[in-house]
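# Structure at a glance
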Amino acid sequence: SIRSASEIDPESMEIYRTFYHTLLENGFYIGPSGYEVGFVSAAHSEDDIAKAAKIICIALDAALA
């Protein structure tokens with residue numbers, strides 16, 4: 001498991017770039033850097049979470065293809 005930014009393989013950022021842009025194309029915004037973190041807010045509804053999960057799966061498929 002990765003415990004610090006220095007342990008992240010810089011080449012993996014290409015995968016993140018595809019993931020990030022696929023999310024954007026599907027209306028979902030996360031931080032543009034693979035070194036950032038994201039959070040779920042209490043303001044997100046169950047529908048928001050379900051929609052996010054669906055879009056994240058699409059983006060993961062694209063990034064890992």
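Going by the structure above, here's the rest.
A short tour of the structure in this document, coming up.

For the rest of this paragraph, the subject is a nonpolar patch on the surface. Residues Ile15, Leu60 and Leu64 make up a contiguous nonpolar surface patch of about 280 Å² in total accessible area. Mapped onto the secondary structure, leucine 64 falls in helix H2 (residues 46–64). Among the residues examined, leucine 64 registers a relative accessible area of 62% and is labelled exposed.

Packed helix pairs are specified by the crossing angle of their axes together with the interaxial distance, meaning the distance between the axes. Two numbers describe how helix H1 (residues 13–25) lies on H2: the axes approach to 8 Å, and their chain directions differ by 140°. Relative to H2, the crossing made by H1 is right-handed. Contact residues: Ile15, Thr18, Phe19, Thr22 and Leu23 in H1; Ile55, Ile56, Ile58, Ala59, Leu60, Ala62, Ala63 and Leu64 in H2. Across the contact of H1 with H2, the residue classes tally to eleven nonpolar, two polar and no charged.

Moving on, we get to the packing of aromatic side chains. Under the criterion given, the structure shown has three aromatic pairs. Summarising the aromatic geometry, the rings of tyrosine 16 and phenylalanine 19 are spaced 6.2 Å apart at their centres and angled 55° between planes, so their arrangement reads as tilted. Of this pair, tyrosine 16 and phenylalanine 19 both sit in helix H1, three residues apart, which is roughly one turn of the helix. With respect to burial, tyrosine 16 and phenylalanine 19 carry one shared label: buried. With a centroid separation of 6.4 Å and an interplanar angle of 20°, the aromatic rings of tyrosine 16 and tyrosine 20 are classed as stacked. Remark: tyrosine 20 and tyrosine 16 occur in helix H1; sequence separation between them is four residues, near one turn of the helix.

Once that is clear, we can look at the environment of tyrosine 20. Residue class for tyrosine 20 comes out buried when judged on its relative accessible area of 12%. Sequence separation between tyrosine 20 and serine 33 is 13 residues, and the spatial gap between their C-alpha atoms is 8.6 Å. Leave out the neighbours within four places in its chain, and tyrosine 20 touches Tyr29, Ile30, Gly31 and Pro32.

The next subject is the nonpolar core. The nonpolar side chains of soluble globular proteins are, as a tendency, buried together. By size, the foremost hydrophobic cluster in this structure holds nine residues: Ile8, Met13, Tyr16, Phe19, Tyr20, Leu23, Ile55, Ala59 and Ala63. Going through the elements one at a time, H1 and H2 are the ones with two or more residues in this core. Looking at this core, the element that brings in the most residues is H1, giving five residues. Beyond its immediate sequence surroundings of up to four residues, isoleucine 55 is in contact with Leu23, Asn26 and Phe28.

Reading the values: the criteria
Residues numbered from 1 in each chain as written. Predicted model: local features only at pLDDT ≥ 70, side-chain atom pairs only at ≥ 80, totals over all residues. Heavy atoms only, no water. Patch = residues over 30% accessible without salt bridge, like charges linked within 9 Å, V, L, I, M, F, W, Y side chains within 5 Å. Areas by Shrake-Rupley, 256 points an atom, 1.4 Å probe, with all protein chains shown as cover. Salt bridge = Lys/Arg side-chain N within 4 Å of Asp/Glu carboxyl O. Helix = DSSP H or I, 4+ residues; strand = E, 2+ residues; numbered from the N terminus. Buried < 20%, exposed > 50% of the residue type's maximum accessible area, 1.4 Å probe, protein only. Axes fitted to C-alpha atoms, helices over the stretch in contact; angles between N-to-C directions. Left-handed = near helix turned anticlockwise from the far one by under 90°. Contact = heavy atoms within 4.5 Å. Nonpolar A, V, L, I, M, F, W, Y, C, P; charged D, E, K, R; others polar. Phe/Tyr/Trp six-rings, centres within 6.5 Å; stacked < 30°, edge-to-face > 60°. Core = buried A, V, L, I, M, F, W, Y, C linked by side-chain atoms within 4.5 Å.

On their own, these measurements won't tell you what the molecule is for.
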